[in-house]
Amino acid sequence: MINFISFNLDILNVFNDPIHGHIELHPLLVRIIDTPEFQRLRYIKQLGGIYYVYPGASHNRFEHSIGVGHLAGCLARELRDRQPELNITDTDILCVQIAGLCHDLGHGPFSHLFESKFMSYKRDLQQQKLPTTAIKHEDLSIKMFDHLIESNHLKAELSDQEITEPDLTFIKELIMGCPLSDKLKLDPWPYEGRPVEKMFLYQIVANKENGIDVDKFDYLARDCYHLGIQNSFDYKRFLKFARVCDVGNRKHICVRDKEVWNLYNMFYTRYGLYRRTCHHRVVNVIEIMIGEAFGKADKYFKIKGSKVKVDSEVKVELLTISGAVNDMVAYTKLTDAIFLQILYSSDPNLSAAKEILEKIVHRKFYSYLGEATSNPTSKQTPDKIKLSGELATAVKRGDPNLRCTEEDFVVDVFVLDYGMKEKNPIDKVYFYSKNNPREAFNIRREEVSYLLLVNFSEQIIRAYCKKTDDDNMLKAAKNGFMQLCQDKGFSIRQGGEAEAGEAGAEDG
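Below: a short report on this structure. Fair warning: this is a prediction, and the values are worked out from it, not measured in the lab. (Residues numbered from 1 in each chain as written. Predicted model: local features only at pLDDT ≥ 70, side-chain atom pairs only at ≥ 80, totals over all residues. Heavy atoms only, no water.)

1. Remarks on the pattern of salt bridges
Step number 1: Counted according to the given criterion, the structure contains 29 salt bridges.
Step number 2: For K198, the salt bridge goes to D92, with nearest N and O atoms at 2.5 Å. Of this pair, K198 sits in the loop between α8 (165-176) and α9 (214-227) while D92 sits in helix α4 (residues 90-102), placing them 106 residues apart in sequence.
Step number 3: Accessibility expressed as a relative area gives 2% for D92, which makes it buried.
Step number 4: One salt-bridge network, in which partners are shared between bridges, spans R275, E371, E458, R462 and R493. (Salt bridge = Lys/Arg side-chain N within 4 Å of Asp/Glu carboxyl O. Helix = DSSP H or I, 4+ residues; strand = E, 2+ residues; numbered from the N terminus. Buried < 20%, exposed > 50% of the residue type's maximum accessible area, 1.4 Å probe, protein only.)

As structure tokens, then:
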């Protein structure tokens, strides 16, 4: 956790962070941190269901967001000090820090689980038409940022720091990592917050050019620290060797050519982190089960939202879990706490959801059937709902006496990559040399090493069976999954067992 140190500083406030040490933040940033909308991040696990396998993964979005805000300021100041001709202003730096601080305001319970498992579960069942803002946490971060400013009356304080409406647009563009309007994409320069001369500022918080940004710097360092996994990437070297160079008529953040191995280490560390933790097979099934439980509880679990006027009477609107994304008053109350609220509820309408969560608490997970990969040249993502039905058919074909339906199986399909699908992100990075620091260039993979990866993306297919107490069913299900993979041309992954030393990983 990050602890406030009560130093009597006129300008900056000092925090003690286990990753970055003592960091200084502008009073306006502290004012934002001290709002209920930001404090909510204390109760959202940074790594979602991973905490149920890795006991050290107890950190939250709160400290990560403060770390990103800090690093955003560090990188912006390094560039200003190194290159005064860039005309980076104090307001630029403050805006970049605010964006880093607020980039994750929109995360739901258990972070990415809310998007990838709960919302997708709702869509798969087609129980209701979900708004597009329910899909990406960045969209919700923008809505929560607006709500934070309005509900805490921060407009005057922002104005005192010379943060204007164009600056607020700039902050939102930084959070999104893209223009706010689709119409603007047709223009040569699609951003409204800053002119093209300051394009490089858009590469600090959420860099959609190549994925190298301070968000990644913080979560790699922080997650590895809490998980007990080695982090081979040194973000401090990137800060020291970053500079802005002209690439055509645009300005890009570039780094010294000798740092190419450091960047490859960053992306490999990210891949390993996702492979070993985010997509650990036990984490995978736990998050699937939590997503199902929230889905079954959705229409019965009510959250108080904004006040609305109905027939001249003011009432508090009650919203479902998925409906809360449309009301930031309700969404502010939506945290990891709903797990326990459902688990300890006596409401009979929540019994189905409660039963699933009780299985998680008692470590009775859905049984793992196996893992496979699709052809790396395939551009088509397998349909996991269709695969569940085909798995049930394959199981019954192997043993006609078994009674099973597609509801007895869960097939999950996900992609592991270096952050840019099948592309090598290093191909999008610009470097400079010691002898010519103004000239930017790319470094091809072959110029680094022939031992580097050729493929940068793979699709993983995993299957689980919900009937964990029926040995005949489990045997037939495993055989059925192998047959299904053979029919589909999937390659069965050997091994895939949980790694030693992870709490509860032997279950499932």
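2. Let's talk about the side chain of N262
Step number 1: On the secondary structure map, N262 appears in helix α11 (residues 260-278).
Step number 2: Among the polar contacts made by the side chain of N262, one reaches the main-chain carbonyl oxygen of D234 at a distance of 3.0 Å.
Step number 3: Excluding residues that lie within four positions of it along the chain, N262 makes contacts with S232, F233, D234, R237 and F238. (Polar contact = N/O pair within 3.5 Å; in protein donor to acceptor, adjacent residues only side chain to side chain. Contact = heavy atoms within 4.5 Å.)

3. Considering the sheet that holds strand β8 (residues 367-373)
Step number 1: One open sheet accounts for four strands, arranged β9-β11-β8-β12; its pairing is antiparallel. Looking at which strands have only one partner, the edges of the open sheet turn out to be β9 (409-417) and β12 (491-492).
Step number 2: Of the strand pairs in this sheet, β9 and strand β11 (residues 457-465) are connected by nine bridges, and their pairing is antiparallel. From the neighbouring strand, V415 faces β11, where its bridge partner is Q459.
Step number 3: Sitting on the sheet, helix α12 (residues 281-297) touches β8, β9 and β11, and the angle it makes with β11 is about 65°.
Step number 4: Relative to β8, helix α17 (residues 471-488) is tilted by about 10°, and along the sheet it contacts β8, β9, β11 and β12. (Pairing = 2+ DSSP bridges. Axes fitted to C-alpha atoms, helices over the stretch in contact; angles between N-to-C directions.)

4. Focus on the packing of aromatic side chains
Step number 1: Summed over all chains, the structure comprises 21 aromatic pairs.
Step number 2: Pairing W261 with Y264 gives two aromatic rings, centres 6.4 Å apart and planes at 55°, and the pair type is tilted. Within this pair, W261 and its partner Y264 are both found in helix α11, separated by three residues, close to a single helical turn.
Step number 3: Note on W261: relative accessible area 43%, which makes it partly exposed.
Step number 4: The ring of Y331 carries R40 above its face, with NZ or CZ at 4.6 Å from the centroid.
Step number 5: A cation over a ring is seen here: R281 above Y368, with NZ or CZ 4.8 Å from the ring centre. (Phe/Tyr/Trp six-rings, centres within 6.5 Å; stacked < 30°, edge-to-face > 60°. Lys NZ or Arg CZ within 6 Å of the ring centre and 35° of its normal.)

5. Some remarks on empty space enclosed by the protein
Step number 1: For the structure shown, the criterion picks out one cavity of 30 Å³ or more.
Step number 2: Across the lining of the largest cavity, the residue classes tally to six nonpolar, four polar and two charged. (1 Å grid on protein atoms, 1.4 Å probe; cavity = no way out; pocket = protein on both sides within 12 Å on 5 of 7 lines; lining within 4 Å. Points joined across faces, edges and corners; volume = space filled by probe spheres on them. Nonpolar A, V, L, I, M, F, W, Y, C, P; charged D, E, K, R; others polar.)

6. Some words on the state of the cysteines
Step number 1: Considering all chains together, one arrives at zero disulfides under this definition.
Step number 2: We note that C404 lacks a disulfide partner, and the nearest cysteine sulfur, in C465, lies 8.1 Å from it.
Step number 3: Here C404 falls in the buried class, since its relative accessible area comes to 5%. (Disulfide = S-S within 2.5 Å.)

7. Side note on the sheet that holds strand β10 (residues 431-432)
Step number 1: Pairing in this open sheet of three strands is mixed, and the strands run β4-β5-β10 from one edge to the other. In the strand order of this sheet, the two ends are held by β4 (242-247) and β10, each with one partner.

8. Details of the nonpolar core
Step number 1: Counting 133 residues, the largest nonpolar core has F38, I98, I204 and F217 as the members making the most contacts within it.
Step number 2: Broken down by element, the residue count for this core peaks at ten residues, all from α12.
Step number 3: Other than its neighbours up to four places away in sequence, I204 contacts A72, L75, A76, V96, D213, V214 and I253.
Step number 4: Judged by nonpolar contacts, the second largest core, of 22 residues, contains A392, F409, V413 and C485. (Core = buried A, V, L, I, M, F, W, Y, C linked by side-chain atoms within 4.5 Å.)

9. A look at α4
Step number 1: Here α4 contains 13 residues, and its C-alpha end-to-end distance of 18 Å stays within 8% of the 18 Å for a straight helix at 1.5 Å per residue.
Step number 2: Among the residues of α4, T91, D92, I93, L94, C95, V96, Q97, I98, A99, G100, L101 and C102 are the ones counted as buried. (Expected span 1.5 Å × (residues − 1).)

10. A look at the environment of V308
Step number 1: Along the chain, V308 falls in strand β6 (residues 303-310).
Step number 2: For V308, a relative accessible area of 28% puts it in the partly exposed group.
Step number 3: Apart from the residues within four sequence positions on either side, V308 is in contact with E313, V314, K315 and E317.

11. Some words on the pairing of β8
Step number 1: The buried fraction of β8 is high, at seven of seven residues.
Step number 2: Bridge count for β8 against β11 is six bridges, and the pairing is antiparallel. Counted as the bridge partner of T373 is I460 from β11.
Step number 3: Here β8 runs beside β12; their pairing, made up of two bridges, is antiparallel. Bridge pairing in β12 places T373 opposite S491.

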